[in-house]
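Spelled out, the chains give:
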Amino acid sequence: MHHFHYRDGQLHAEDVAVADIAAAAGTPVYVYSLATITRHYRLYAEAMARAAGGPDRAHIFYAMKANSNIAVLETLAGLGAGADVVSEGEIRKAVRAGIPAAKIVFSGVGKTAAELAYAVDAGLYQVNIETEGELELLNRIAAAKGKRQAAVFRVNPDIGAGGHSKITTGSDANKFGVSFSEAERLYARAANMEGIAIKGLAVHIGSLIDELGDLQAAFRRMRQVTAQIRGTGLSVERLDLGGGLGIPYHIPKDFRHGPDLIDAYAEMVSRETGGLDVELGFEPGRIIVGNAGIMVTRALYLNPRQSKQFLVVDAAMNDLVRPAMYEAYHEIWPVNEPQEGGKTVAYDVVGPICESGDTFTEGRVLPEVKPGDLVAFMTAGAYGATMASTYNLRPLIPEVVVKGDRFAVTRPRQTYEDLIGIDRSPNW
Ligand code: LLP
């Protein structure tokens, strides 16, 4: 379910006309519905609390790489969410948004010494260790500060899943986590380190996962590894099950898929972890924010060819890279509600960037679009703005949040001064 719908012939985000936002903030622009985010978070958190056997046994760490807009983070902080972060920048922004350090887990295969030191000083809930070298470094850093950092091992279960090979993480051929055959040895090492308080295990096998079978197999493997480690007399108190649940990018008319998948997932988690006596952690990203966001763009030109019709819009691959990077599909909705039975045209929708990869879709049949019209790329709330770049020296586009009948620009369009004013010519 989401809060983008037509009313009086105009696409609305909650109770605000998208055209009004475009007029105020310009295009292209990202628009997020806070009601959608709130609804998804609550559904997810309640379901995971049931799966874990109580709210104090389930910890939700929102994967902020999906969408780190300040108002989105503040909304989730207000709902009690923690954060899954992958850089010092994300730690700083989560804390600024009101997510306490004691509710933050730090993931990532390449954390630097400076980042680990920052994490230890901040007092994070947990560091998810991914290599033996990271274990040794974290131990040295924490011990030198007279601290013991709570940590888990991210285990690679050799079960990958996900909507695209570039977002599959759980296979042995992927760079993530320590091999499950190494987990017992590394856990024993960690248990003897003065700078580490080893608490348990983590797993995350991929993103955009619609089928629960691979997740289930991965959780079974975690159960085996937990039993194996406990067999050596060590305790495993935490299991962090990662994120990865998919969302529909082809939006069904009676859209209910997200909540259904959440419930099925919660039941599966409950079955697979039942009786283990662990606290569960979750790192959802896309399922919380994915369909809570759209990117609105204005049609600039038509470029007819013998075999096709190009529709050039003012957004480009630097603003929303998912189609170019993962062949991702995003629905395109005209901001003016199309007439039933109106003319349709097959378009290649492309941006202004100087490479042919700057193509959002090919041969997409849409209600006729004229230069000047606004269209919205749907389901752009996750991995949209956070993956944007300034390629072609295009300023980062604004982000707007909607709450009921109000909207606020929470990140203004980057200025040209911000974009090129930071450059320094060498003074030789
Ligand atoms: N935890 C870890 C350790 C992760 O690496 C990720 C995402 C998540 C949680 C959240 O996964 P989610 O629930 O959002 O699937 N840019 C790609 C997706 C990359 C996902 C990276 N890791 C895309 O646009 O599809």
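The structure this text deals with has already been given above.
Figured I'd write up the structure that's included with this text.

Parameters at a glance
Residues numbered from 1 in each chain as written. Predicted model: local features only at pLDDT ≥ 70, side-chain atom pairs only at ≥ 80, totals over all residues. Heavy atoms only, no water. Helix = DSSP H or I, 4+ residues; strand = E, 2+ residues; numbered from the N terminus. Buried < 20%, exposed > 50% of the residue type's maximum accessible area, 1.4 Å probe, protein only. Pairing = 2+ DSSP bridges. Salt bridge = Lys/Arg side-chain N within 4 Å of Asp/Glu carboxyl O. Patch = residues over 30% accessible without salt bridge, like charges linked within 9 Å, V, L, I, M, F, W, Y side chains within 5 Å. Areas by Shrake-Rupley, 256 points an atom, 1.4 Å probe, with all protein chains shown as cover. Axes fitted to C-alpha atoms, helices over the stretch in contact; angles between N-to-C directions. Parallel < 35°, antiparallel > 145°, perpendicular 65-115°, else oblique. Contact = heavy atoms within 4.5 Å. Nonpolar A, V, L, I, M, F, W, Y, C, P; charged D, E, K, R; others polar. Polar contact = N/O pair within 3.5 Å; in protein donor to acceptor, adjacent residues only side chain to side chain. Near = heavy atom within 4 Å. Core = buried A, V, L, I, M, F, W, Y, C linked by side-chain atoms within 4.5 Å.

**Some thoughts on unusual backbone geometry**
Excluding glycine, residues mostly have negative phi values, and the peptide bonds linking residues are mostly trans.
(1) Moving on: Cis rather than trans, the peptide bond between threonine 27 and proline 28 has omega equal to -10 degrees.
(2) Moving on: With respect to the helices and strands, the residue proline 28 is situated in the loop between α1 (18–25) and β4 (29–33).
(3) Moving on: One non-glycine residue with positive phi stands out, namely leucine 208, at about 60 degrees.
(4) Moving on: Position of leucine 208 among the secondary structure elements: in the loop between β11 (196–202) and α8 (213–230).
(5) Moving on: Taking the relative accessible area as the measure of exposure, leucine 208 reaches 16% and is therefore buried.

**Brief notes about the pairing of strand β2 (residues 10–13)**
(1) Moving on: Across four bridges, strand β1 (residues 4–7) lies against β2 in antiparallel orientation. Bridge pairing links arginine 7 to glutamine 10 in β2.
(2) Moving on: Following β1, the chain reverses through two residues before pairing antiparallel with β2; aspartate 8 in that reversal takes a positive phi of roughly 50 degrees.
(3) Moving on: Examined bridge by bridge, β2 and strand β3 (residues 16–17) share two bridges and lie antiparallel to one another. Bridge pairing in β3 places alanine 13 opposite valine 16.
(4) Moving on: As consecutive antiparallel partners, β2 and β3 are separated by two residues, and within that stretch glutamate 14 has a phi angle of approximately 50 degrees, a positive value.

**Regarding the pattern of salt bridges**
(1) Moving on: A complete count under the given rule lists 19 salt bridges for this structure.
(2) Moving on: Arginine 154 is the partner of glutamate 130 in a salt bridge, and the nearest nitrogen-oxygen pair spans 3.0 Å. Of this pair, glutamate 130 sits in the loop between β8 (126–129) and α6 (132–144) while arginine 154 sits in strand β9 (residues 149–156), and the two are 24 residues apart along the sequence. No difference in accessibility class separates glutamate 130 from arginine 154, as the two residues are buried.
(3) Moving on: Each of the salt bridges in this network shares a partner with another, and the network as a whole consists of Glu132, Glu136, Glu182, Arg185 and Arg189.

**Here we look at a nonpolar patch on the surface**
(1) Moving on: Together, Leu393, Tyr416 and Ile420 make up an exposed nonpolar region whose accessible area comes to about 340 Å².
(2) Moving on: Within the secondary structure, isoleucine 420 is located in helix α12 (residues 416–420).

**Re the packing of α6 against helix α7 (residues 183–191)**
(1) Moving on: Interhelical geometry of α6 versus α7 gives an angle of 5 degrees and a closest axis separation of 11 Å. For the element pair α6 / α7, the angle class is roughly parallel. In this structure, α6 contributes Glu132, Leu135 and Glu136 to the contact, and α7 contributes Arg185, Leu186, Arg189 and Ala190.
(2) Moving on: Of the residues that constitute the contact of α6 with α7, the class distribution is three nonpolar, no polar and four charged.

**A closer look at the pairing of β8**
Strand residues, when the strand is regular, have side chains that alternate between the two faces of the sheet.
(1) Moving on: Along β8, one buried face is formed by Gln126 and Asn128 and the opposite face, lined by Val127 and Ile129, is buried too.
(2) Moving on: Pairing geometry for strand β7 (residues 104–106) and β8, over two bridges, is parallel. Opposite valine 105, over in β8, you have glutamine 126 as the bridge partner.
(3) Moving on: Relative to β9, β8 is paired through three bridges, and the arrangement is parallel.

**Thoughts on helix α3 (residues 70–78)**
(1) Moving on: Most of α3 sits out of view: seven of its nine residues are buried.
(2) Moving on: Within the span of α3, buried status applies to Ile70, Ala71, Val72, Leu73, Thr75, Leu76 and Ala77.
(3) Moving on: One side-chain oxygen of the residue at the start of α3 lies 3.0 Å from the amide nitrogen of alanine 71, identifying that residue as asparagine 69.
(4) Moving on: Glycine 80 occupies a position one or two residues after α3 and carries a positive phi of about 95 degrees.

**A short note on the site of the ligand**
(1) Moving on: Around the ligand lies a shell of 19 residues, among which Ser207, Glu283, Arg286, Arg322 and Tyr383 are the nearest.
(2) Moving on: In this structure, an oxygen atom belonging to the ligand sits 2.8 Å away from a main-chain N or O atom of glycine 244.
(3) Moving on: Here glutamate 283 contributes a side-chain N or O atom positioned 2.6 Å from a nitrogen atom of the ligand.
(4) Moving on: Relative to its free-state accessible area of 590 Å², the ligand is covered by the protein chains to the extent of 92%.
(5) Moving on: The residue inventory of the shell around the ligand, partitioned by class, reads seven nonpolar, six polar and six charged.

**Describing the sheet that holds β3**
(1) Moving on: Strand order in the open sheet formed by three strands is β1-β2-β3, and the pairing between neighbours is antiparallel. The open sheet is flanked by β1 and β3, the only strands paired with a single partner.

**Things to note about the nonpolar core**
(1) Moving on: Among the nonpolar cores identified, the biggest contains 111 residues, and Tyr44, Met48, Phe153, Tyr265 and Phe282 are the most heavily contacted of them.
(2) Moving on: The biggest single contributor to this core is helix α2 (residues 34–52), with nine residues.
(3) Moving on: Those residues in contact with methionine 48 that lie beyond four places of it in its chain are Ala58, Ile60, Ile262, Tyr265, Ala266 and Phe282.
(4) Moving on: If you look at the next biggest cluster of nonpolar residues, it comprises 20 residues, including Ala13, Val18, Val296 and Leu374.

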